Amino acid sequence: MIKVLKKAKERTEADRSALRRSVSEIIDDVIKNGDAALQEYNRKFDDCHRDALLISKAEIKKAYDKVSDAEVSDMKQAAANIRAFAQAQRETVGSLEDFSPAEGISLGHKVIAVDSCCCYVPGGGYPLYSTALMLGIPAKVAGVRRVAACSPVIKGTADIHPKTLVAMDIAGIDEIYAVGGAQAIAAFSYGTEQIEPVNLIVGPGNSFVTEAKRQCYGKVGIDFVAGPSEVLVIADRQADAEIIAADLLAQSEHDREAKGLLVTTDETLGRAVGAAVGRQLPALDTEEIARSSWTDFGEILLADTLEEAVAFANEYAPEHLEINVEAAEQTWVVDALQNYGSLFIGGNTAEVFGDYASGTNHTLPTLGAARYTGGVWVGTFLKICTHQSMSRTAMMEIAPLVSRLARGEGLTGHARAAEIRMEKDQGKSES
């Protein structure tokens, strides 16, 4: 039986009707008024008065002048790891040719990149330039012909944060636009005078961006609908309380609704982690947000056994899952886990390493979505499209079966499409 050492506030589904209406109105406005609507929203939300939404090459060059050589080098090093892993992933996804379930039938599939995508890179309180690398690099490795990106400007200016622009350029993004929010999702879904629509939109965002992705899905493909960031740590008595506290706070500082959750089999460790969080909070520049998040949504749970902790994690399906247990227990615990966005194994493997530089992607499913999907990867930008061909003999063999199945469903037209081939073939044989 799970025992609660620190309880989180219940995360209830807020009334979303006002948000849905607001986002729907924004989408309709962009569809009707195009660039004029985007420019007005830029003025309204970000005090941005630029007319040209496309970032010029001169602006990108200027951004490099504002970012130190060391920072550019760090971005390139992280990009190299992300690109190497994406390339390795791409090599696991191959075409299938000439599979034959019966003589004369040839089946297969091709792996085809989507033609275009938009990478949504959040702005807000921090320049989340690492997201530009996480989205743009796998898209380019997948072979997407046109990779666009967008991000809100720094409030009161006409400029996207220079670090974000540099990261987008390092990622190889083809087009960059100074627009954010639900209006950006609408623009890349339906198109405006300056923005050509895309086939797929990926990337995290605030509640307006998330709701816009939900409403535009179908007109455009999306990765998934994501909520507040979350980490779940499974730990036993050998784990270091200070390290776990730091990992929980790393998630807590994202925003006030982020969640850090520890499930431990050792009550002493659980209470030590709670105390360590309290000691570490004042040292954070983001203390106010992290403290609010931890107070409201942080949680420490005590499990009787590791089996119980694993069962809890599989049901919760966290975005990030850390395993910090005895080496002798590690293999079976990892094998038993099924639902997570990304897994971090052992005390040396901080979740933040995956956030920035190890190579795996940090754009991951939240709020239980890991029960049915993984995170963004090179395959997000690929389609598996089947094909088939048949010999005359194979056609004559399968057509009666298809005719019977179709007539069983009452679909005479389907049946006739099979039968007419048999009739014409028999006619040729008789003549």
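Small disclaimer: the values here were computed from a predicted structure and weren't measured.

About the criteria used
Residues numbered from 1 in each chain as written. Predicted model: local features only at pLDDT ≥ 70, side-chain atom pairs only at ≥ 80, totals over all residues. Heavy atoms only, no water. Helix = DSSP H or I, 4+ residues; strand = E, 2+ residues; numbered from the N terminus. Buried < 20%, exposed > 50% of the residue type's maximum accessible area, 1.4 Å probe, protein only. Contact = heavy atoms within 4.5 Å. Salt bridge = Lys/Arg side-chain N within 4 Å of Asp/Glu carboxyl O. Pairing = 2+ DSSP bridges.

## Overview of the environment of P204
With respect to the helices and strands, the residue P204 is situated in the loop between β7 (200-202) and α8 (207-216). Exposure remark for P204: the relative accessible area of 27% places this residue in the partly exposed category. The sequence separation of P204 and V225 amounts to 21 residues, and the corresponding C-alpha distance is 8.2 Å. The contacts of P204, once residues within four sequence positions are left out, are Y120, P122, T131, L135, V209 and T363.

## Overview of the pattern of salt bridges
This structure, assessed with the given rule, holds 22 salt bridges. Among the ionic pairs, E59 bridges to R50, the shortest N-O distance being 2.9 Å. When its relative accessible area of 10% is taken as the criterion, R50 is described as buried. Between K259 and E299 there is a salt bridge whose closest N-O contact spans 3.0 Å. Highlighted residues: K259 in strand β10 (residues 259-264) and E299 in strand β11 (residues 299-302), separated in sequence by 40 residues. Judged by relative accessible area, which is 6%, K259 ranks as buried. Through salt bridges with shared partners, one network takes in R407, R416, E419 and E423.

## Here we look at the pairing of strand β4 (residues 116-120)
Of all 5 residues that make up β4, 5 are buried, and the element is covered over most of its length. Of the two faces of β4, the one holding S116, C118 and Y120 and the one holding C117 and C119 are both buried throughout. Taken together, the 5 bridges between β4 and strand β5 (residues 146-151) define a ladder with parallel strand orientation. Following the sheet pairing, C118 is matched in β5 by A148. By the bridge criterion, 3 bridges tie β4 to β7 in an arrangement that is parallel. Across the sheet, residue C119 finds its bridge partner in β7, namely V202.

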